[in-house]
Amino acid sequence: MAQISLTLPDGNARQYNAGITAGEVAADISKSLGKKAISATVNGAHVDLAWPIEEDADIAIHTMADEEQANELVRHDLAHIMARAVQEIWPDTKVTIGPVIKDGWYYDFDRTESFTPEDLATIEKKMKEIINKRDEVRTEVWDRARAIKHYQDNDEPYKVELIEAIPGDEPLRMYWHGDWQDLCRGPHLQHTGQVPGDAFKLMSIAGAYWRGDSDRAMLQRIYGVAFTGKEKLKAHLNMLEEAAKRDHRKLGREMDLFHMQEEAPGQVFWHPNGWTVYTELQDYMRRKQRAAGYVEVNTPQVVDRKLWEASGHWDKYQEHMFIVEVDEDHAREKAVNALKPMNCPCHVQIFNQGMKSYRDLPLRMAEFGSCNRYEPSGALHGIMRVRGFTQDDGHIFCREDQIEAECAAFIDYLASVYKDLGFEKFEIMFATRPEKRVGTEESWDHVENALENAIRAAGHPYTLDAGEGAFYGPKLDFKLTDAIGREWQCGTFQVDPNLPERLGASYIGEDGSKHRPYMLHRACLGSFERFIGMLIENSAGKLPFWLAPRQVVVASITSEADEYVLEVVETLKAEGVRAEADMRNEKINYKVREHSVGKVPVILAVGGREVEEKTVSVRRLGQKQTSVQALSAVAQELAVEATPPDLRA
RNA sequence: GCUGUAGUAGCUCAGUGGUAGAGCGCGUCAUUGGUAAUGACGAGGUCGGGAGUUCAAUCCUCCCCUACAGCACCA
């Protein structure tokens, strides 16, 4: 029998007969490792302990202490165990697929009856029984024909389809958890008892399309989360609770920022507090973009379909546009209009007015553009995904040789804005040509190269997101990570050779003849609505002082201080601080609680002593201790904090 | 849009085939207090909309709207 050499992570090599399994290697290294081992990585591939190794390889044996591998195995085995539990309880259920995802797994089932939330407890109970049985996990390699026959005989049509879709004719791996069998790539644990029975939880049931295709059957998906230990599960559930507390819809109500109602689905009624945040942010962005060399414009809301036909949007997005037709009795002539779903075609109209010279380029045009899109009802989510929104939109008309510098300048601009708003780090995704696209391959090659060179030149790391570009051109997407680790795509930078062509934009070059400009679409916040929603969730409502809608409440402790309360408020207002008086006949405890719930960053309490001494008792949101300070000093300090970051000395 | 769940007072929610209840909030009065809820009293709802079954519907059935979770979508 041939000898092979297996190299351990510490560099030591051991000799074995070819065909030895990783489990046997583990047991050979030490008895305890043999017991604790759960899987192995062989030449970079994560495999079962029962997997035979036929040639020289690097090998690492994993135990439950190897978080990454252990989580994968636990979640993967739980997917199988759950599917087995479901089929044991409801034998007429058809199985499909059940992959591992972040924090857990899901499994999609086809069953006539709907699962109910109560069913989850039943399934969980059954799963624990299976785990307690410590059933062996077996694997066999079958050829395709046998596997297909097996699933046909067992009336599992989805599995048949899956096998038929696997390219090539390599043999398939079949796994058994006890008597229950599934087609699977592996790897798995050795027996069901290795899965921690107290570190998983079934979370929810939802519909999901078979193979992610909305034209195909709707299956029932059950989601679960799982970890290697129950403390980790607990920590995860706490995190979810924490996230729920930050929900912008809840905070939006508690802080009296905005509301939404049935009569205007997907549109925001901004209340005074929320609108203060909005306008404060908009004022900031206006200063920033002016400083970055943009000219600001404004364009119509209701635009004839002819323009959308010319731009190509009518064809592609008609169903997602609000169509506006004036009543025939009133209209002088019949016209079909659409609420603008985007600003780009309108900006080209401005560009097209008069002759442009190469000397005018790059022309950076910005608009706080209000757009309306008829988003599918299921897509709406608070103020994060709405039907009426305002983008911090901008289009740069430029020559090809200017793309690189404009891209670099935009990344600087965006980094500076994000930093001011409390996000030090962001990620760049480089999205390339999608399947459905316009333009020639040469043009795509060209523009993708130009954009990639531009990011490289900007010296920022990026991740390739192949096939995710816009239909007209490649793009960069900018992702922020919030305080509890969630990612948000906000900024974008897109190169578009298509729209200037379609809408006939041109400039006169140095050579005296007409040329096509490139159009760069870019946004930093994305939309004010979404970004504010994200800011609320990121800060759990504790917005930075300069953005906080109610910055200071001056609360009287006794009515004797009322006059002084007003004086303090006036002093602060004169310093540009948003201050208000609370002289209600309530106890100070009550006022402190109410304004704390309302996320007011600073409460200044004043009673007899403060009136005497011209001081205020300062209480910062979230802090228990207070400090008594001179009014003048506090006013100066708060004036600095109230200044937007770009205006600070 | 699809699957599922839900909609009762401003908010959070209980409840019932015989036209509704709590806590908070709101109003009035008393209370003048020292950093996350002072007390008493009071007002407030055609039970999401429409149709049907029934002597009788907030409750049962059907349709619609909206929200929530996920999927699909996101110029």
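Not measured: the values here are computed from a predicted model. (Residues numbered from 1 in each chain as written. Chains lettered and ligands numbered in written order. Predicted model: local features only at pLDDT ≥ 70, side-chain atom pairs only at ≥ 80, totals over all residues. Heavy atoms only, no water.)

**Some details on the overall build of chain A**
At step 1: Each helix and strand counted, chain A has 20 helices and 35 strands in total.
At step 2: Out of the 649 residues in chain A, the part that is buried amounts to 50%.
At step 3: Considering only residue pairs separated by 6 or more positions, chain A has 67% of its internal contacts joining residues 24 or more positions apart.
At step 4: Within the structure as shown, chain A displays about 31,400 Å² of accessible surface, and the carbon and sulfur contribution to it stands at 48%.
At step 5: The averaged location of the 105 negative side-chain charges in chain A is 3 Å from the averaged location of its 79 positive side-chain charges. (Helix = DSSP H or I, 4+ residues; strand = E, 2+ residues; numbered from the N terminus. Buried < 20%, exposed > 50% of the residue type's maximum accessible area, 1.4 Å probe, protein only. Contact = heavy atoms within 4.5 Å. Areas by Shrake-Rupley, 256 points an atom, 1.4 Å probe, with all protein chains shown as cover. Lys, Arg positive; Asp, Glu negative; His and termini not counted. Charge placed at Lys NZ, Arg CZ, Asp CG, Glu CD.)

**Quick notes on the sheet that holds strand E24 (residues 426-431)**
At step 1: Strand order in the open sheet formed by 8 strands is E18-E22-E23-E30-E27-E26-E24-E25, and the pairing between neighbours is mixed. Each having just a single partner strand, strand E18 (295-296) and strand E25 (463-465) make up the two edges of the open sheet.
At step 2: Of the pairings in the sheet, the one linking E24 to E25 comprises 3 bridges and is parallel in character. Bridging from a neighbouring strand, Met429 pairs with Thr463 of E25.
At step 3: Contacts from helix H16 (residues 528-539) reach strand E22 (363-372), strand E23 (388-398), strand E26 (475-481), strand E27 (487-496) and strand E30 (518-527) within the one sheet, and its direction differs from that of E30 by about 40 degrees. (Pairing = 2+ DSSP bridges. Axes fitted to C-alpha atoms, helices over the stretch in contact; angles between N-to-C directions.)

**Details of the sheet that holds strand E4 (residues 39-42)**
At step 1: One open sheet accounts for 5 strands, arranged E2-E1-E7-E4-E5; its pairing is mixed. Only two strands of the sheet have a single partner each, and these edge strands are strand E2 (13-17) and strand E5 (45-47). When the angles between neighbouring strand axes are averaged without regard to direction, this sheet yields 35 degrees.
At step 2: Both E4 and strand E7 (residues 57-62) contribute to a ladder of 4 bridges, which runs antiparallel. Bridge pairing in E7 places Thr41 opposite Ala60.

**Some words on the pairing of E7**
At step 1: Note: strand E1 (residues 3-7) against E7, 2 bridges, orientation parallel. Pairing of Leu6 across the sheet is with Ala57, part of E7.

**Comments concerning the packing of helix H9 (residues 272-291) against helix H13 (residues 403-420)**
At step 1: Viewed as axis vectors pointing N to C, H9 and H13 meet at an angle of 150 degrees, and their least axial separation amounts to 11 Å. On the basis of the axis angle, H9 is roughly antiparallel to H13. Taken as a pair, H9 and H13 cross one another with a handedness that is right-handed. Contact with H9, carried on its side by Tyr284, Met285, Lys288 and Gln289, involves Tyr413, Ser416, Val417 and Asp420 of H13 and no other residues of that element. (Parallel < 35°, antiparallel > 145°, perpendicular 65-115°, else oblique. Left-handed = near helix turned anticlockwise from the far one by under 90°.)

**Description of the nonpolar core**
At step 1: Counting residues in each nonpolar core, the largest one holds 59 residues, and the members touching the most others are Tyr418, Leu476, Phe478 and Phe531.
At step 2: For this core, the element with the most residues is H13, which contributes 8 residues.
At step 3: Residues within four places of Tyr418 in sequence aside, it is in contact with Phe423, Phe426, Phe478, Leu480, Cys490, Gly491, Cys524 and Phe531.
At step 4: In terms of nonpolar packing, the next biggest core, distinct from the first, is built from 29 residues, Leu78, Ile130, Leu202 and Ala226 among them. (Core = buried A, V, L, I, M, F, W, Y, C linked by side-chain atoms within 4.5 Å.)

**Focus: the protein's contact with RNA strand B**
At step 1: Near RNA strand B there are 52 residues, and of these Ile557, Asn585, Arg593, Glu610 and Ser617 occur at the shortest range.
At step 2: A breakdown of the atoms of RNA strand B within 4 Å of the protein gives sugar and phosphate a share of 47%.
At step 3: Between Ser377 and RNA strand B, the recorded distance is 2.7 Å, taken from a side-chain N or O atom to a phosphate oxygen.
At step 4: Contact between RNA strand B and Tyr590: a phosphate oxygen at 3.3 Å from a side-chain N or O atom of the residue.
At step 5: Here the residues of the surface near RNA strand B sort into 19 nonpolar, 20 polar and 13 charged. (Near = heavy atom within 4 Å. Polar contact = N/O pair within 3.5 Å; in protein donor to acceptor, adjacent residues only side chain to side chain. Nonpolar A, V, L, I, M, F, W, Y, C, P; charged D, E, K, R; others polar.)

**Comments concerning the confidence of the model for chain A**
Keep in mind that low pLDDT regions are not for reading the predicted coordinates in detail.
At step 1: Per-residue pLDDT for chain A has a mean of 94; in total, 100% of the residues score no lower than 70.
At step 2: Scored by ipTM, the complex comes to 0.95, with pTM at 0.93. (pLDDT = per-residue confidence, 0-100.)

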